[in-house]
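Observations on the three-dimensional arrangement
Spelled out, the chains give:
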Amino acid sequence: MIDVKGVSLRFPNGTTALNNIDLQVKPGDMVYVTGPSGSGKTSLLKLFMGIEYPTSGSIKVLGQVMAKGQTEQIRQLRKIIGPVFQDFKLIEGRTVADNVMLGMRFLDLPRDQLRENARQALVRVGLEHKALSLVENLSLGESQRVAIARAVARKPILILADEPTGNLDKDNALKILELLTSFINEKTSVIITTHATHLIEGDNNTKFIRMDQGNLYWERRG
Amino acid sequence: MKTILLNTGYFLKEVRMMIRLNLLSNCLTLISTGLIFFILSMIISGWWVSSHVVNVVQGEAEINVYLDENTVKTNNEVTKMIDSIGHIEGVRAARVVDQDEAYHRMEEILGKEASVLNNFSENPFSSFVELKIDLEEIDPVLEKLNRLTGVEHIRDNREVLDRLRNISGVLKIVGFLVVIAVGISTLVIISHIIRLGISNNKEQINTLRLLGAPESFIAFPFLLEGLLLTLGGGLLAGALAAFSINYLYAQMAGPLPFIPLPPREALVSNLVIAVLVLSAVLGIIGSLLGLASTKSN
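Residues numbered from 1 in each chain as written. Chains lettered and ligands numbered in written order. Predicted model: local features only at pLDDT ≥ 70, side-chain atom pairs only at ≥ 80, totals over all residues. Heavy atoms only, no water.

Digging into the sheet that holds strand S1 (residues 62–67) of chain B
Residues and elements named next belong to chain B. Read from one edge of the open sheet, four strands run S2-S3-S1-S4, paired in antiparallel fashion. The sheet is open, and its two borders are formed by strand S2 (91–97) and strand S4 (151–156), each paired with just one other strand. Strand-to-strand twist of the sheet, defined as the mean angle between neighbouring strand axes without regard to direction, takes the value 20°. Here four bridges tie S1 to strand S3 (residues 128–133), and the two strands are oriented antiparallel to one another. When the sheet's bridge partners are listed, Ile63 is paired in S3 with Leu131. The sheet strands contacting helix H4 (residues 75–86) are S1, S2, S3 and S4, and the helix crosses S2 at an angle near 160°. The strands touched by helix H6 (residues 138–147) are S1, S2, S3 and S4; relative to S4, the strand with the most contacts, the crossing angle is about 165°. (Pairing = 2+ DSSP bridges. Helix = DSSP H or I, 4+ residues; strand = E, 2+ residues; numbered from the N terminus. Axes fitted to C-alpha atoms, helices over the stretch in contact; angles between N-to-C directions. Contact = heavy atoms within 4.5 Å.)

Set out below in structure tokens:
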């Protein structure tokens, strides 16, 4: 699903965000990426999304080489990724349902299916009753759930969640992590970055990665 | 195309949101494009009316020949004179208009004001020979008429025609210049409002890109916004122009009944169609320019 070989990412100001990273993610994997702020967690997700490109090394996501000049291919790839952003990136002035449907509008789905997918996703995150509420009237936890609903409504095969618990209290954070892990199946993988190491746990299929100053370390838990 | 059709409702909703977010700017844009298109429509209608008048006057080109009564005295001499005039190349018809007919014609032209003719104790009009001619042949016809013995004075409408042609020509040039000015102004205004819209919706655009939305999907609401604003301006201009033309026609019908104006309904409908088509084209081009300039930045 994801194949990273010897990837480094250096910014023009000389900062090294990632340093010679190797990583494989298989279908059905649950991956937690932990580490302090500035350790390279978000940079890693940006590479998977095609927001940044590696300075050296190679990276393939779902068979697509992530490199400059692949704009259209990367755009197509993004259609089958479900991103959950740290700042939610919900569109204000629109309802919860509008926001959830936004991620599917350009997938050429019939209108009925579009609505049904959105409804199912909202049921899954427990916000069906808020479908017609404006997103600016939601709590942080609810906003995060809407962001997750938007990501999963289009049935992605890779969910990338960047600090989904960052703005939440402990109870809400646990619920969100539980919700995200519930989307894993034999086809779908979930990668979550978080600095809240005390909240995460996993089974045999769960991989734990620790990032530190751009370096990647595998961790064993349990 | 399928994506666009499937999301028509969404795009219209987005446009409504964008207009509401910048309500004042959008209203001012609509009014200013409306006024610009109104100026354009008045210039175009002036151009069309003058061209129509020139064509009508040209189509009815006449020359009036006044005979020297000392030379051409008898009816026989008048008939001979008419016969020789009628044989000049370029003359389609020649007939005598006697004093009474000339008087009645003036009565018709003056209409309600014809009572002014009662101030004359005698019929003030002279008889003359009325010629229908081919306008292209006017110069050789005039030359040959001047050479005929018995011709006292020739009244042609060349001065009037030349003036009308000049006015029409000036309006044509002004029309072209105004079209160019209107085009540039509209493109600048619309591309600016689109850039403003893009700037205000930067976050949303970024999110859509991260979700994999095609550029055409992201751009379409902005294109629609530009199109709707200019079409709104075009409609406003069309309404103002229709009102103005109706008013001007009503004003001219009384004192200037002899000016052969084109039919009012046809003028108004053609003008409204032309302004709407132009506004739609300029709206689309302006929006595309706004989108392109933002992309290049």
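A few points about the interface of chain A and chain B
In this complex, chain A contributes 22 residues to the contact, which on the side of chain B involves 21 residues. Summed over both partners, the interface of chain A with chain B buries about 2000 Å², with 58% contributed by carbon and sulfur atoms. Looking at the side of chain A facing chain B, the largest losses of area belong to A:Arg94, A:Arg105 and A:Phe106, adding up to 31% of the total buried there. The shortest N-O distance in the salt bridge between A:Asp98 and B:Lys13 comes to 3.1 Å. Run the count over chain A and chain B and you get nine residue pairs in polar contact (both at pLDDT 80 or more). Of all the secondary structure elements, the ones that give two or more residues to the side of chain A that touches chain B are helix H2 (71–78) and helix H3 (96–102) of chain A. When its residues are assigned to classes, the side of chain A that touches chain B shows eight nonpolar, two polar and twelve charged. (Buried area = accessible area lost by both parts, 1.4 Å probe. Salt bridge = Lys/Arg side-chain N within 4 Å of Asp/Glu carboxyl O. Polar contact = N/O pair within 3.5 Å; in protein donor to acceptor, adjacent residues only side chain to side chain. Nonpolar A, V, L, I, M, F, W, Y, C, P; charged D, E, K, R; others polar.)

Points about the pattern of salt bridges
Per the counting criterion, the structure on display carries 19 salt bridges over all chains. Taking the shortest distance from any N to any O, the salt bridge between A:Lys207 and A:Asp29 comes out at 2.8 Å. Placement of the pair is A:Lys207 in strand S9 (residues 206–212) and A:Asp29 in the loop between strand S2 (16–25) and strand S3 (30–34), with a sequence separation of 178 residues. The partner of B:Glu130 in a salt bridge is B:Arg95, and the shortest N-O contact between them spans 3.8 Å.

Some thoughts on the nonpolar core
Residues and elements named next belong to chain A. Counting residues in each nonpolar core, the largest one holds 42 residues, and the members touching the most others are Val100, Leu122, Ile148 and Ile192. Counting only elements with at least two residues in this core, the list comes to S3, H3, helix H4 (111–124), helix H5 (140–153), strand S7 (158–162), helix H6 (170–181) and strand S8 (189–194). With residues up to four places along the chain from it excluded, the contact list for Leu122 reads Val96, Ala97, Val100, Leu127, Glu128, Ala131 and Ala149. Of all hydrophobic cores here, the second largest spans 30 residues; its members include Val31, Ile74, Phe85 and Met211. (Core = buried A, V, L, I, M, F, W, Y, C linked by side-chain atoms within 4.5 Å. Buried < 20%, exposed > 50% of the residue type's maximum accessible area, 1.4 Å probe, protein only.)

Things to note about the packing of H5(A) against H6(A)
Residue and element names in this part refer to chain A. The N-to-C vectors of H5 and H6 enclose an angle of 10°; their axes lie 10 Å apart at closest approach. Taken together, H5 and H6 sit at an angle that is classed as roughly parallel. Mapping the contact onto sequence places Gly141, Gln144, Arg145 and Ile148 in H5 and Asn172, Lys175, Ile176, Leu179 and Leu180 in H6. (Parallel < 35°, antiparallel > 145°, perpendicular 65-115°, else oblique.)

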